[in-house]
Protein chains: 2
Amino acid sequence: MTAPDSASLYRTIAADLKASIRAGVYPAGARLPSESELAAEYDASRGTIRQAFAALAADGVISSRRGARRTVLGGPRLQSFADLLSFSRWARSVGEKPGGRVARLEHRAATTEEAEQLELTDEANVYHLTRVRMLGDRPVMIERTAYPEHVGELVVGLDPAGSLTERLEELGVIFADAEHTIDAVPATAEDARLLAVRPRVPLLRERRRTTDPAGAPLEWSEDRYLGQEVAFTVRNSVNRNSLSRWHSGR
Amino acid sequence: MTAPDSASLYRTIAADLKASIRAGVYPAGARLPSESELAAEYDASRGTIRQAFAALAADGVISSRRGARRTVLGGPRLQSFADLLSFSRWARSVGEKPGGRVARLEHRAATTEEAEQLELTDEANVYHLTRVRMLGDRPVMIERTAYPEHVGELVVGLDPAGSLTERLEELGVIFADAEHTIDAVPATAEDARLLAVRPRVPLLRERRRTTDPAGAPLEWSEDRYLGQEVAFTVRNSVNRNSLSRWHSGR
DNA sequence: TAGTGGTCTAGACCACAAA
DNA sequence: TTGTGGTCTAGACCACTAA
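These lines cover the structure that appears in this document, whether it is placed above or below. (Residues numbered from 1 in each chain as written. Chains lettered and ligands numbered in written order. Predicted model: local features only at pLDDT ≥ 70, side-chain atom pairs only at ≥ 80, totals over all residues. Heavy atoms only, no water.)

This next bit is on the relation of the copies chain B and chain A. Expressed as a screw transformation, the operator carrying chain B onto chain A has a rotation angle of 180 degrees and an axial translation of 0.0 Å, and the superposed copies differ by an RMSD of 0.0 Å. Taken together, the rotation angle and the small translation identify this as a two-fold axis. The rotation axis passes nearest to the C-alpha of Pro202 of chain B in chain B, at a distance of 2.3 Å. The overlap is high: 100% of the interface residues of chain B also sit at the interface in chain A, so the same surface is used on both sides. (Least-squares fit on C-alpha atoms with pLDDT ≥ 70 in both. Contact = heavy atoms within 4.5 Å.)

Residue and element names in this part refer to chain A. Nonpolar side chains collect at one region of the surface, where Val102, Leu105 and Val156 lie side by side and expose about 230 Å² of accessible area between them. Relative to the elements of secondary structure, Val156 occurs in the loop between helix H7 (149-155) and helix H8 (164-170). Take Val156: its relative accessible area is 44%, and that puts it in the partly exposed class. (Patch = residues over 30% accessible without salt bridge, like charges linked within 9 Å, V, L, I, M, F, W, Y side chains within 5 Å. Areas by Shrake-Rupley, 256 points an atom, 1.4 Å probe, with all protein chains shown as cover. Salt bridge = Lys/Arg side-chain N within 4 Å of Asp/Glu carboxyl O. Helix = DSSP H or I, 4+ residues; strand = E, 2+ residues; numbered from the N terminus. Buried < 20%, exposed > 50% of the residue type's maximum accessible area, 1.4 Å probe, protein only.)

A cluster of like positive charges, contributed by Arg198 and Arg200 of chain A together with Arg198 and Arg200 of chain B, occupies part of the molecular surface. Mapping Arg200 of chain A onto the fold places it in the loop between helix H9 (189-195) and strand S7 (202-211). The exposure class assigned to Arg200 of chain A is exposed, which follows from its relative accessible area of 58%. (Lys, Arg positive; Asp, Glu negative; His and termini not counted. Charge placed at Lys NZ, Arg CZ, Asp CG, Glu CD.)

Opposite the 70 residues of chain B that make contact, chain A presents 70 residues. In total, about 7,400 Å² of surface goes out of reach between chain B and chain A, with carbon and sulfur atoms giving 49% of it. There are two salt bridges connecting chain B and chain A. We note a salt bridge from Glu179 of chain A to Arg235 of chain B, for which the minimum N-O separation is 3.3 Å. The tally of links between chain B and chain A comes to 38 residue pairs in polar contact (both at pLDDT 80 or more). Elements supplying a minimum of two residues to the side of chain B that touches chain A: helix H4 (81-85), helix H5 (87-93), strand S6 (177-186), strand S7 (202-211), strand S9 (230-237) and strand S10 (243-247) of chain B. It is S6 of chain B that provides the largest number of residues to the side of chain B that touches chain A, a total of 10 residues. Here the residues of the side of chain B that touches chain A sort into 31 nonpolar, 21 polar and 18 charged. (Buried area = accessible area lost by both parts, 1.4 Å probe. Polar contact = N/O pair within 3.5 Å; in protein donor to acceptor, adjacent residues only side chain to side chain. Nonpolar A, V, L, I, M, F, W, Y, C, P; charged D, E, K, R; others polar.)

What follows concerns empty space enclosed by the protein. Considering all chains together, one arrives at three cavities of 30 Å³ or more under this definition. Around the largest cavity, the lining is made up of 20 residues, and of these Leu85, Arg131, Arg133, Glu143 and Thr165 of chain B lie nearest the centre. Contributions of two or more residues to the lining of the largest cavity are made by H4, H5, strand S4 (125-135), strand S5 (138-148), helix H8 (164-170) and strand S8 (217-226) of chain B. Per element, the largest residue contribution to the lining of the largest cavity is four residues, and it comes from S5 of chain B. Taken together, the residues of the lining of the largest cavity sort by class into six nonpolar, seven polar and seven charged. In terms of lining residues, the second largest cavity is bounded by 16 residues, among which Leu85, Arg131, Arg133, Glu143 and Thr165 of chain A are the most central. For the lining of the second largest cavity, the secondary structure elements donating two or more residues are helix H5 (87-93), strand S4 (125-135), strand S5 (138-148), H8 and strand S8 (217-226) of chain A. The residue inventory of the lining of the second largest cavity, partitioned by class, reads five nonpolar, six polar and five charged. (1 Å grid on protein atoms, 1.4 Å probe; cavity = no way out; pocket = protein on both sides within 12 Å on 5 of 7 lines; lining within 4 Å. Points joined across faces, edges and corners; volume = space filled by probe spheres on them.)

Attention now goes to the sheet that holds S4 of chain A. Pairing within the open sheet is antiparallel, and its eight strands lie in the order S3(A)-S4(A)-S5(A)-S8(A)-S7(A)-S6(A)-S9(B)-S10(A). Taken across any chain shown, the strands that pair with only one partner, and hence form the sheet edges, are strand S3 (98-109) and strand S10 (243-247) of chain A. In this sheet, adjacent strand axes meet at a mean angle of 20 degrees when their direction is disregarded. Relative to S8 of chain A, S5 of chain A runs antiparallel, the two being bridged by six bridges. Bridged to Met141 of chain A within S8 of chain A is Tyr225 of chain A. (Pairing = 2+ DSSP bridges. Axes fitted to C-alpha atoms, helices over the stretch in contact; angles between N-to-C directions.)

So this is what it looks like as structure tokens:
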């Protein structure tokens, strides 16, 4: 889950293939080179080539079947794990100017839910940050994030108008795994005020728990997006499925 | 992407591990056996064991780091690709009784969007089915699905109150890959009537395109769930990300 | 320091798709 | 029939974790 040997051969090959796909050398539906062709080209063993292809498959970029060459899947261009965690990075990647303002920053005792999600004892404190995030000059999302103390202490020293995630990474915090729960809720009075919309407008809610390579929680966030401005896309297959559907059991 | 050799050794090992995890032998956070231990136990090579672990990682069940044993990730129990496609199968898996009634079934020319999603020429016909799906006696979702003619011709011969996906699979239709786009929309007047809620209530919308192993579209569906009854969960990591965030660019 | 997973090789046989 | 990807083996060396 860490990123060791970022220059390993199979990663290089995978990056080359991704770049070619992005550049349009292999458009959606196109057939990719065979394992043996690539093995010859890179002077690598077949196993290494298969590892490169497995990396593309894990990102939902290609499809493969025995007997036929691999093909490029269509649909939207996928984003990296890092782009997904950082609103600022994402905004830039879609050609928008990210912005934000702090609505509230607290250092207080954890709520029951926060303690559970961050795996803290009930008496522990958290840093809780509420921000309104903007694309250009339009607010599109409210971010309510709880950090455990050891992360929050870093956060308070940073410029809260910019990308906290990127700054934290520079400070050596490694984000490794995340779990996202997505549903729809009506805007509360506070939501409506912060986003400049009417109460009860549909918002797309993403609750996210992010952990480090050892599985220790780094943040627990509840983000609320303007419903029809932002969407999430997931690809899965028979062999690869990290999506599930839940019922509140109300 | 097909399911060849469903009895291959690595699949057997992966299934055993999943069963043990589900049974609580390895709870969330627990350390799993090492590769060499499993290799000895199954009299398999290390590569085969690694393939089994890769299958669990692809489903977001485990985490791994060099130097330390693999650990079980917490969070909700994951569902299979098949459970995700079939409302009926999903409902049974969460202990609810699935139900449904047909609101409309049409055989007509494809709309522009349907033609694009199903990769049809503009003049082609589709079968379009609108159903209200229930858990117990409560409606929770509206399903609006377009099928290309070769699939739709099978669908019209089936009992539309039950699980079409399961019946289609029995008829040899193989669902291999899917792409899901999730956002929030207000209930239209028709939505509100079918779900017995007030107009403009937040609905969680899932648009889904499912393809066969060769990449040919099998269905294009727009499902609308009661916002706070149903949620979707996604797990991803630095090495495995099939989730992305989209902006309508409005 | 001992044990673990990460990377890579060089083979083998097989099931399947496409021509 | 030819070439493809799927499965499996038996080795090797290395980077990293944890005791």
